[in-house]
Amino acid sequence: MRTPFEALIRWRRWVVVGVMVLLIPTAWGISRLTSTSDTRVFFSPANPYLQALEEFEQVYSKDESAFLVLAPRDGTVFTRDTLKAVENLTDAAWQIPYSRRVDSLTNFQHTWAQGDDLVVEDLIEDAAHLSDTDIERVQTIALAEPLLVNRLVSTTGHVTGIYVTATKPGLV
């Protein structure tokens, strides 16, 4: 009795032909394979929960979001170049079709008191011209702010993100 390996070697040409016969239709099928992130494909149009969701979205709105991540090679987001990149990407994110809100380190509304006045301003303005002292101040504020840490900046300040919210037209 022969082992399976001996049979493979003896009938190698037929094995290759057989593998090709199976491989060609499989490769053709893989080229037609698609993927979607829309969870609605798992429900039929008659599904009452899907219908309720669609009615809800018609009355209110449907938001889509994107999170752009920046992880600088030097390991800190608190440099002029990286903060300038965040500033530029934040401005560009407002140009995304149907964008309704853009959140980042640069446009975070930092609030502080000056005497009896309450001052609200962007955390970072004109990042390219920040002094080293300004960058240290921004880093101290950002890493102490619970609304930023683990949302728009990592606890160590090595990664930051820009969160874009968009609302599809006709749903508001």
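For the structure itself, look to the data block above.
Here's what I pulled together on the structure shown here. Small disclaimer: the values here were computed from a predicted structure and weren't measured.

Definitions and cut-offs
Residue numbers run consecutively from 1 along every chain, following the written order of its sequence. A pLDDT threshold of at least 70 governs which residues receive local features in this predicted model, and a stricter bar of 80 or more applies before side-chain atom pairs are shown or counted, although totals over entire chains, interfaces and linings include all residues. As a convention, hydrogens and water are excluded, and side-chain values are obtained from all of the structure's heavy atoms. Strands here are runs of E lasting at least two residues and helices are runs of H or I lasting at least four, both read from the DSSP assignment and numbered beginning at the N terminus. Whether two residues touch is decided by their heavy atoms; if any such pair falls within 4.5 Å, the residues are in contact. Note on areas: Shrake-Rupley, 1.4 Å probe, and residue coverage restricted to the protein chains presented here. None of His or the chain ends enter the tally, which takes Lys and Arg as positive and Asp and Glu as negative. Where a charge sits is defined by one atom per residue type, namely NZ (Lys), CZ (Arg), CG (Asp) or CD (Glu). Here a patch means residues that are over 30% exposed by relative accessible area and free of salt bridges, tied together within 9 Å if like-charged and within 5 Å if nonpolar (Val, Leu, Ile, Met, Phe, Trp, Tyr). Counted as salt bridges are all cases of a side-chain nitrogen of Lys or Arg within 4 Å of a carboxyl oxygen of Asp or Glu. Any two strands between which DSSP finds at least two bridges are classified as paired. Here, axes are lines fitted to C-alpha atoms. For helices the fit covers the stretch in contact, and angles between N-to-C directions go from 0 to 180 degrees. Exposure classes here rest on a 1.4 Å probe applied to the protein chains alone. A residue is buried below 20% of its type maximum, exposed above 50%, and partly exposed in between. Note on terminology: a nonpolar core comprises buried Ala, Val, Leu, Ile, Met, Phe, Trp, Tyr and Cys residues joined through side-chain atoms within 4.5 Å.

## Topic: the overall build of the protein
Right, so step 1: In terms of helices and strands, the protein carries 5 helices and 5 strands.
Right, so step 2: Ordered by position from the N terminus, the helices and strands of the protein form the series α-α-α-β-α-β-β-β-α-β.
Right, so step 3: Dimensions of the protein, computed from C-alpha atoms along their principal axes, come out at roughly 95 × 50 × 25 Å.
Right, so step 4: Of the contacts made within the protein by residues no fewer than 6 positions apart, 61% connect residues no fewer than 24 positions apart.
Right, so step 5: Entry remark: accessible area of the protein is about 12,600 Å², with carbon and sulfur atoms responsible for 59%.
Right, so step 6: Positive and negative charge centroids in the protein, built from 15 and 22 side chains respectively, lie 23 Å apart.

## As for a nonpolar patch on the surface
Right, so step 1: Residues F5, L8, W11, W14, V15, V16, V17, V19, M20, V21, L23 and I24 make up a contiguous nonpolar surface patch of about 1,200 Å² in total accessible area.
Right, so step 2: Contributions of two or more residues to the nonpolar patch are made by α1 (4-10) and α2 (12-31).
Right, so step 3: In terms of residue count, α2 provides more of the nonpolar patch than any other element does, 9 residues in total.

## Concerning the sheet that holds strand β5 (residues 160-167)
Right, so step 1: An order of β1-β5-β2 is seen for the 3 strands of this open sheet, with the pairing classed as antiparallel. In this open sheet, the two edge strands, each paired with only one partner strand, are β1 (63-70) and β2 (99-103). Pairwise comparison of adjacent strand axes, ignoring direction, gives a mean angle of 15 degrees for this sheet.
Right, so step 2: Two elements, β1 and β5, share 8 bridges in a ladder whose sense is antiparallel. From the neighbouring strand, S65 faces β5, where its bridge partner is T165.
Right, so step 3: Helix-sheet contacts for helix α4 (residues 80-93) involve β1, β2 and β5, and the interaxial angle to β5 is about 5 degrees.

## Here's the deal with the environment of F108
Right, so step 1: Among the structural elements, F108 can be located in the loop between β2 and β3 (109-114).
Right, so step 2: Owing to a relative accessible area of 14%, F108 belongs among the buried residues under this scheme.
Right, so step 3: With 14 residues separating them in the primary sequence, F108 and D122 have C-alpha atoms 5.4 Å apart.
Right, so step 4: With sequence-adjacent residues up to four places away left out, F108 is seen in contact with E121, D122, L123, E145, L147 and L148.

## Examining the nonpolar core
Right, so step 1: Grouped together as the largest cluster of nonpolar side chains are 17 residues, with contacts concentrated most on F78, L83, L105, L123, I124, L148 and V153.
Right, so step 2: Once residues within four sequence positions are removed from consideration, V153 is found in contact with V77, F78, L105, A142, L143, L148, V159 and T160.
Right, so step 3: Residues V86, A93, I162 and V164 belong to the second largest nonpolar core, which totals 6 residues.

## Some remarks on the pattern of salt bridges
Right, so step 1: Enumeration over the complete set of coordinates arrives at 4 salt bridges.
Right, so step 2: For the salt bridge of R40 with E54, the shortest nitrogen-to-oxygen distance reads 3.4 Å. Of this pair, R40 sits in the loop between α2 and α3 (48-59) while E54 sits in helix α3, placing them 14 residues apart in sequence.
Right, so step 3: Under the relative-accessibility criterion, E54 is labelled partly exposed at 36%.
Right, so step 4: Of the charged contacts, one joins D132 and R80 as a salt bridge, the two residues approaching to 2.6 Å between their closest N and O atoms. Taken together, the residues span a long stretch of sequence, with D132 in helix α5 (residues 132-144) and R80 in helix α4 at a distance of 52 residues.

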